[in-house]
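Understanding the architecture of this molecule
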2 protein chains.
Amino acid sequence: MQYIAYMQITNDQILNMMPPQFGLFGLLFAFMNRLQAAGDSFYEEITCKQWFLLACMNLYSKEAPTANELAETMGCSRQNVKEILNALVKKEILVLKQDDNDKRKQRIYFTSKQKKLAKKYQNKEMDFLKLLYEGISDDEIKNVFQIISRMEKNLTGATGGVTGVAGIQA
Amino acid sequence: MQYIAYMQITNDQILNMMPPQFGLFGLLFAFMNRLQAAGDSFYEEITCKQWFLLACMNLYSKEAPTANELAETMGCSRQNVKEILNALVKKEILVLKQDDNDKRKQRIYFTSKQKKLAKKYQNKEMDFLKLLYEGISDDEIKNVFQIISRMEKNLTGATGGVTGVAGIQA
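Numbers given for residues are sequential positions, taken from 1 along each chain in its written order. Each chain is given a letter, starting from A, and each ligand a number, starting from 1, according to the order in which they appear as written. For this predicted model, a pLDDT threshold of at least 70 governs which residues receive local features, and a threshold of 80 or more governs which side-chain atom pairs are given and counted, while totals over whole chains, interfaces and linings are taken from all residues. Each side-chain value is derived from all of the structure's non-hydrogen atoms; neither hydrogens nor water enter the calculation.

We now examine the pattern of salt bridges. The term salt bridge refers to a pairing of a side-chain nitrogen on Lys or Arg with a carboxyl oxygen on Asp or Glu at a separation within 4 Å. Scanning the entire structure with this criterion turns up 16 salt bridges over all chains. Taking the shortest distance from any N to any O, the salt bridge between Arg107 of chain B and Glu69 of chain B comes out at 3.8 Å. Taken together, the residues span a long stretch of sequence, with Arg107 of chain B in strand E3 (residues 106-110) and Glu69 of chain B in helix H4 (residues 67-74) at a distance of 38 residues. Glu69 of chain B shares its class with Arg107 of chain B; the two are buried. Taken together, the salt bridges that share partners define one network made up of Glu63, Glu69, Asp99 and Arg107 of chain A. We count a stretch as a helix when DSSP gives it H or I for four or more residues in a row; a strand needs E for two or more, and each element gets its number in order from the N terminus. Each residue is placed in one exposure class: buried if its accessible area under a 1.4 Å probe, protein chains only, is under 20% of its type's maximum, exposed if it is over 50%, and partly exposed if it falls in between.

One broad trend across soluble globular proteins is that nonpolar side chains are buried collectively. Leu53, Leu132 and Met151 of chain A together with Leu53 and Leu132 of chain B are the most contacted members of the largest nonpolar core, which totals 100 residues. What Leu132 of chain A contacts, discounting residues up to four positions off in sequence, is Phe31 and Leu35 of chain A together with Phe25, Met151, Asn154 and Leu155 of chain B. Nonpolar cores were defined as sets of buried Ala, Val, Leu, Ile, Met, Phe, Trp, Tyr and Cys residues, with membership established by side-chain atoms within 4.5 Å. When checking whether two residues touch, look at their non-hydrogen atoms; a contact exists if any pair is within 4.5 Å.

This part is about the packing of aromatic side chains. Each Phe, Tyr or Trp ring, with Trp reduced to its six-membered ring, pairs with another whose centre is within 6.5 Å; inter-plane angles below 30 degrees give stacked pairs, above 60 give edge-to-face pairs, and intermediate values give tilted ones. All told, the structure shown has 20 aromatic pairs over all chains when counted by the stated rule. Between Trp51 of chain A and Phe25 of chain B the ring centres are 5.3 Å apart and the planes differ by 80°, which places this aromatic pair in the edge-to-face class. Placement of the pair is Trp51 of chain A in helix H3 (residues 48-57) and Phe25 of chain B in helix H2 (residues 20-42), with the two residues belonging to separate chains. Both rings, one in Phe25 of chain B and one in Phe29 of chain B, keep their centres 5.4 Å apart while their planes meet at 55°; by these two values the pair is tilted. With Phe25 of chain B and Phe29 of chain B both in helix H2 and 4 residues apart, this pair spans about one turn of that helix. Summarising the burial analysis for this pair, Phe25 of chain B and Phe29 of chain B share the class buried.

Another point: the packing of helix H2 (residues 20-42) of chain A against H4 of chain B. A pair of packed helices is captured by two measures, namely the crossing angle of their axes and the spacing between those axes. For helices, the fitted line uses only the C-alpha atoms of the stretch in contact; every axis is such a line through C-alpha atoms, and the angle between N-to-C directions lies from 0 to 180 degrees. Relative to each other, H2 of chain A and H4 of chain B sit at 95°, their axes nearing to 8 Å. Classified by the interaxial angle, the pair formed by H2 of chain A and H4 of chain B is roughly perpendicular. Residue-level contacts link Phe29, Ala30, Asn33 and Arg34 of chain A of H2 of chain A to Glu72, Thr73 and Met74 of chain B of H4 of chain B. Tallied by class, residues from the contact of H2 of chain A with H4 of chain B come to 3 nonpolar, 2 polar and 2 charged. The scheme is simple: roughly parallel for angles under 35 degrees, roughly antiparallel for over 145, roughly perpendicular for 65 to 115, oblique for anything else. Any residue that is not Ala, Val, Leu, Ile, Met, Phe, Trp, Tyr, Cys, Pro, Asp, Glu, Lys or Arg is counted as polar, Gly included; the first ten are nonpolar and the last four charged.

Residue and element names in this part refer to chain B. For a helix, the expected span equals 1.5 Å multiplied by the number of residues minus one. Between the first and last C-alpha of helix H5 (residues 78-90) there are 18 Å, a value that for 13 residues agrees with the 18 Å anticipated at 1.5 Å per step. Taken as a whole, H5 has its buried residues at Val81, Ile84, Leu85 and Leu88. For H5, the angular spread of the buried residues around the axis is 105°, confining them to a single face. Facing away from the buried side of H5 by over 90 degrees, the exposed positions are Gln79, Asn86 and Lys90. Turning to H5, the residues buried within the fold contact helix H3 (48-57), H4, strand E2 (94-98) and E3. The positive-phi residue at the C-terminal boundary of H5 is Glu92, with phi of around 60°. When we speak of the arc, we mean the arc of directions from the helix axis to the C-beta atoms.

Turning to helix H6 (residues 112-132) of chain A, a few remarks are in order. For H6 of chain A, with 21 residues, the first-to-last C-alpha span of 29 Å sits near the 30 Å given by 1.5 Å per residue. What is called the bend at a residue is the angle between a pair of axes, fitted to the seven residues leading up to and ending at it and to the seven starting from it. At Gln122 of chain A, H6 of chain A shows its largest bend, some 45°. Close packing links the buried residues of H6 of chain A with H2, H3 and strand E3 (106-110) of chain A together with H2 and helix H7 (138-156) of chain B. The N-cap of H6 of chain A, judged by a side-chain oxygen 3.2 Å from the amide nitrogen of Lys113 of chain A a few residues on, is Thr111 of chain A. Contacts described as polar in this section are N or O atom pairs within 3.5 Å, which, within protein, must combine one atom able to donate a hydrogen with one able to accept it, while residues neighboring in sequence count only if both atoms come from side chains.

Take the side chain of Thr111 of chain B next. Residue and element names in this part refer to chain B. In this fold, Thr111 is placed in the loop between E3 and helix H6 (112-132). We classify Thr111 as buried; its relative accessible area is 16%. For Thr111, the side chain forms a polar contact with the main-chain oxygen of Glu92, separated by 2.7 Å. Setting aside chain neighbours within four positions, we find Thr111 in contact with Glu92, Ile93, Leu94 and Val95.

To continue, consider unusual backbone geometry. Residues and elements named next belong to chain A. The phi dihedral of Glu92 is positive, around 60°, even though this residue is not glycine. Mapping Glu92 onto the fold places it in the loop between helix H5 (78-90) and strand E2 (94-98). Residue class for Glu92 comes out exposed when judged on its relative accessible area of 54%.

Structural measurements only, silent on function.
In structure tokens, the structure reads:
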């Protein structure tokens, strides 16, 4: 019989070891690392980061977004979004088209390949979310949403929108 | 006067647009992207991912960890942890030493440079956490911790420890 050398530290012990502010901060990093690893092996065709860009596209129901608008929504740098965009355009999942009114702008559109992908993974995604939230009520989820949302507002010091700043320029 | 072309979507609207399960999933990605961007410009000497590895080192009070143990704690692949480790060893913030009992194992230790770094950023880190959690009570933070912790258990299907599996081998 051989003991594995390291001790298990449970999440409950974490809360006894340090202030909850520290504990939650670390937990979020570890949890998101695990989620991203799971996401990267979930889709055959795309990475987890590419998936998130596609998910954010769905927030733009009125008008297809530009790369800058997506960067705001995703909380990424423009450079970062452009790299992810290029990969998805190369895979023919997205396409860029010149804006009708402003020729300097390009707007981003889904292709028919994206629609096939979305359909292919629809059930698998629902099963995954069911597993992830098992035993957690809608109210609990909304509560976490509201608190993380307040942390996001504190972090950006902005108006708290997922898409970030919007307004009127003089 | 010129309107910025895109509409602001607030986090509250998100909850009216989709089930909270979807909303929280997306919010976590966007929030962590923003947090990582903030972290990358927070420290002069290290990236946000390097910071997280150093933070996880503090969980091992009894015995310095191995790379595999850190990978479990951080929720990263071993390959990923080794890249981060190599960068920190190169910067002389960490050092690897052979295990006393098992020569095939290397354990990871802080250097005096790490201790200087920790001291340098101590106040700045406290100020950042104060800002991030402004207006959010300890109970609210603990509540979020517990729910994310349950999501992590659901995700790993494991025993829920931050450091993952531990046990006895036959």
